[in-house]
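The chain contents come next:
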Amino acid sequence: MKRWAAIGTAVAGAALILWLASRKPAPPEVPFARVGRETLVSVLTTNGKTEPAEWAPVRALRAGRVRRVLVERGARVAEGAVLAELDDTEARTAVSAAEARVAVAQAELRALERGGRQAEIAQLEGLIAKLRLELEAARRDAGALERLAGKGAASRSELDQARDRAAQLESELKAQRERRAALVADTDLAAARARLREAEAAFQDAQRALAECRLRSPRAGAVYDLPVRPGDWVETGALVARVGEIARLKVAIYVDEPELGRVKAGLPVQITWDAAPGKTWRASVEKMPTQITPLGTRMVGEVWAMCENPALDLPPGANVNVRIRSQVVENAVTVPKAALRRQGEEMGAFVLSGKRIEWRRVEIGAASEVKAEVRGGLRPGDAVALPADRPLAAGMEVRAAFPEDRP
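Residues numbered from 1 in each chain as written. Predicted model: local features only at pLDDT ≥ 70, side-chain atom pairs only at ≥ 80, totals over all residues. Heavy atoms only, no water.

Side note on the sheet that holds strand E5 (residues 82-86)
Sheets are built from strands that pair by backbone hydrogen bonding, the pairs being arranged parallel or antiparallel. If you walk across this open sheet you meet the four strands as E6-E5-E3-E8, and the pairing is antiparallel. Strand pairing shows two members of the sheet lacking a second neighbour, strand E6 (214-216) and strand E8 (233-234), which therefore form its edges. Pairing of strand E3 (residues 64-69) with E8, which is carried by two bridges, proceeds in the antiparallel orientation. Looking across to E8, one finds that Gly-64 is bridged to Val-234. (Pairing = 2+ DSSP bridges. Helix = DSSP H or I, 4+ residues; strand = E, 2+ residues; numbered from the N terminus.)

Right, dumping it as structure tokens:
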């Protein structure tokens, strides 16, 4: 009995092995989607950056240390408003010194215009008056001696001495008068006026330097960039702030070079910002790029769009998501983009035929984010394979699964 039981067990095991060996594996399950017909909106998705439509930089007109910042980022300011101040200690000292030099130059010029310095003038006029009196007395003495000499009461030598004395005084008086007249020469006045002009120019320069310590807004708008803080050192020409009108923004849209053919002026643009989920801004393409530039590993053209921002909730400098509506195709035959594959240089899809799949070349046109327009190779109702867990090949038997049919 045991022998027959062992024989039976062996026969059953062999039969099971033969059955398992002859059994075909179940075909893999592959997700499929149907080719349909619908209105296709071709959308180009990319990224961009915002900046004010109109703005102006505020730059330091002189080097110095920032003493105060009078506004905050986002503040609205009028044209000419002071945004920040540099340390003006040296500038104020320079203004005071230049003002003093102007006062000295003005005083010197006034003195020269009145004929010279008062002490020297008074001394000369006193000497002239004294010489005039002495000359008058000498002339009287000479006249009296001349009458006495005519009567024999005075000698000839006394008369000559008196006349020489009068002539000497007359000559000295003339010299002092000429000295008084020449006390202020034209060249002295010209030099004094030149010194005054120089002092006034230096004063104006000092005042200008003091004014440059106050950094003013060149236009009205919002301060949307303010990189400086109190205590910072800035060089001449350094950027202190940017002021612009942010109710209307310019968006630089970075479009990859191969996609530029899909873009033209006037196309509608939808903008979103990750920091404001659910919020959307509308814009339109206004300017096409004039050159292709590198952006990281991409080669892009900068397409400009204008975006209204009345609530001021989209800030300048924001990195935004951009969707350009490039084309609308009515009644288009569409296929999911996920079903499209490339074999070599050929674009196509695996199409369900019975229980097997076949490769079919597909010609596509416009595309949205998830679907592409079919211009040849597929018909509405065709089932196309979506990405699967295993590689697919033409002629493969599959079990088709349609995700849209599942509850």
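There's plenty left to go through after this.
Concerning the packing of aromatic side chains
For the structure shown, the criterion picks out two aromatic pairs. When the centroid spacing of 6.1 Å and the interplanar angle of 45° are considered together, the rings of Phe-32 and Phe-402 count as tilted. Here Phe-32, found in strand E1 (residues 29-34), pairs with Phe-402, found in the segment after strand E21 (399-401); they are 370 residues apart in sequence, far enough to count as distant. Just as Phe-32 is buried, Phe-402 falls in that class too. Geometrically, the ring pair formed by Phe-350 and Trp-359 is edge-to-face, given 5.2 Å between the ring centres and 70° between the ring planes. Given the relative accessible area of 3%, Phe-350 is considered buried. Over the face of the ring belonging to Trp-304 we find Lys-250, whose NZ or CZ atom lies 4.6 Å from the ring centre. (Phe/Tyr/Trp six-rings, centres within 6.5 Å; stacked < 30°, edge-to-face > 60°. Buried < 20%, exposed > 50% of the residue type's maximum accessible area, 1.4 Å probe, protein only. Lys NZ or Arg CZ within 6 Å of the ring centre and 35° of its normal.)

Overview of the nonpolar core
Ranked by internal contacts, the top residues of the largest apolar core, which has 31 residues, are Val-58, Leu-83 and Val-223. Elements that contribute at least two residues to this core include exactly E5, helix H2 (89-113), helix H5 (186-211) and strand E9 (239-256). The residues contacting Leu-83, other than those within four sequence positions of it, are Val-58, Val-69, Leu-70, Val-71, Val-77, Leu-215, Arg-216, Ser-217, Val-223, Ala-241 and Val-243. Core analysis: the next-biggest nonpolar cluster, separate from the first, contains 25 residues, Val-255, Val-303, Cys-307 and Leu-314 among them. (Core = buried A, V, L, I, M, F, W, Y, C linked by side-chain atoms within 4.5 Å. Contact = heavy atoms within 4.5 Å.)

Overview of the environment of Gly-266
Mapping Gly-266 onto the fold places it in the loop between E9 and strand E10 (268-272). As a C-alpha pair, Gly-266 and Ala-305 span 39 residues in sequence and 8.9 Å in three-dimensional space. The contact partners of Gly-266, leaving out residues within four places of it in the chain, are Ser-284 and Val-285.

Digging into the pattern of salt bridges
Once their charged atoms are close, side chains differing in charge can pair, the charge on each being opposite to the other. Within this structure, the stated rule accounts for 25 salt bridges. Residue Arg-298 is joined to Asp-256 by a salt bridge in which the shortest nitrogen-to-oxygen separation is 2.8 Å. On the criterion of sequence distance, the pair formed by Arg-298 in strand E13 (residues 298-308) and Asp-256 in strand E9 is long-range, its members being 42 residues apart. Look at Arg-298 and you get partly exposed, because its relative accessible area is 23%. Residue Glu-358 is joined to Arg-360 by a salt bridge in which the shortest nitrogen-to-oxygen separation is 2.8 Å. Linked by salt bridges that have partners in common, Arg-67, Arg-68, Glu-85, Asp-88 and Arg-92 make up one network. (Salt bridge = Lys/Arg side-chain N within 4 Å of Asp/Glu carboxyl O.)

Some thoughts on the side chain of Glu-85
Tracing the backbone through its elements, the reader meets Glu-85 in strand E5. Here the side chain of Glu-85 touches Arg-67 through a polar contact of 2.6 Å, side chain to side chain. Once you skip the residues sitting within four places of it in the chain, Glu-85 turns out to touch Arg-65, Val-66, Arg-67, Arg-68, Leu-70, Cys-213 and Arg-214. (Polar contact = N/O pair within 3.5 Å; in protein donor to acceptor, adjacent residues only side chain to side chain.)

A look at the side chain of Glu-373
Along the polypeptide, Glu-373 turns up in strand E19 (residues 371-376). Residue Glu-373 is classed as buried on the basis of its relative accessible area, which comes to 11%. A polar atom in the side chain of Glu-373 sits 3.5 Å from the side chain of Arg-375. Setting aside chain neighbours within four positions, we find Glu-373 in contact with Leu-40, Val-329, Ala-332, Val-333, Glu-363, Ile-364, Gly-365 and Ala-366.

A short note on the environment of Leu-131
Mapped onto the fold, Leu-131 is located in helix H3 (residues 118-150). Discounting residues that sit within four places of it in the chain, Leu-131 has contacts with Leu-169, Glu-172, Leu-173 and Gln-176.

Brief notes about the pairing of E5
Across the five residues of E5, four count as buried, placing the element largely inside the fold. Of the pairings in the sheet, the one linking E3 to E5 comprises three bridges and is antiparallel in character. Each bridged residue has a counterpart across the sheet, and for Val-66 the counterpart in E5 is Leu-86. Summarising the sheet, E5 and E6 pair through three bridges and their orientation is antiparallel. Residue Glu-85 lies in a different strand from E6, and its bridge partner there is Arg-214.

A few points about the pairing of strand E7 (residues 221-225)
Of all five residues making up E7, five are buried, and the element is well covered by its neighbours. Across two bridges, the pairing between strand E4 (residues 76-77) and E7 is antiparallel. Residue pairing in the sheet places Arg-76 in a bridge with Ala-222 of E7.

Considering the confidence of the model for the chain
In regions of low pLDDT, the predicted coordinates are not meant to be interpreted in detail. Scored by pLDDT, the chain comes out at a mean of 87, with 89% of its residues at no less than 70. Ranking the elements of the chain by mean pLDDT puts helix H1 (residues 2-22) last, at 57, and strand E20 (residues 383-385) first, at 96. (pLDDT = per-residue confidence, 0-100.)

A word on unusual backbone geometry
Glycine aside, residues mostly have negative phi angles, and peptide bonds mostly take the trans form. For Leu-312, which is not glycine, the phi dihedral falls at a positive 60°. With respect to the element layout, Leu-312 can be found in the loop between E13 and strand E14 (319-336). Positive phi, close to 55°, is recorded for Asn-331, a residue that is not glycine. Within the fold, Asn-331 resides in strand E14.

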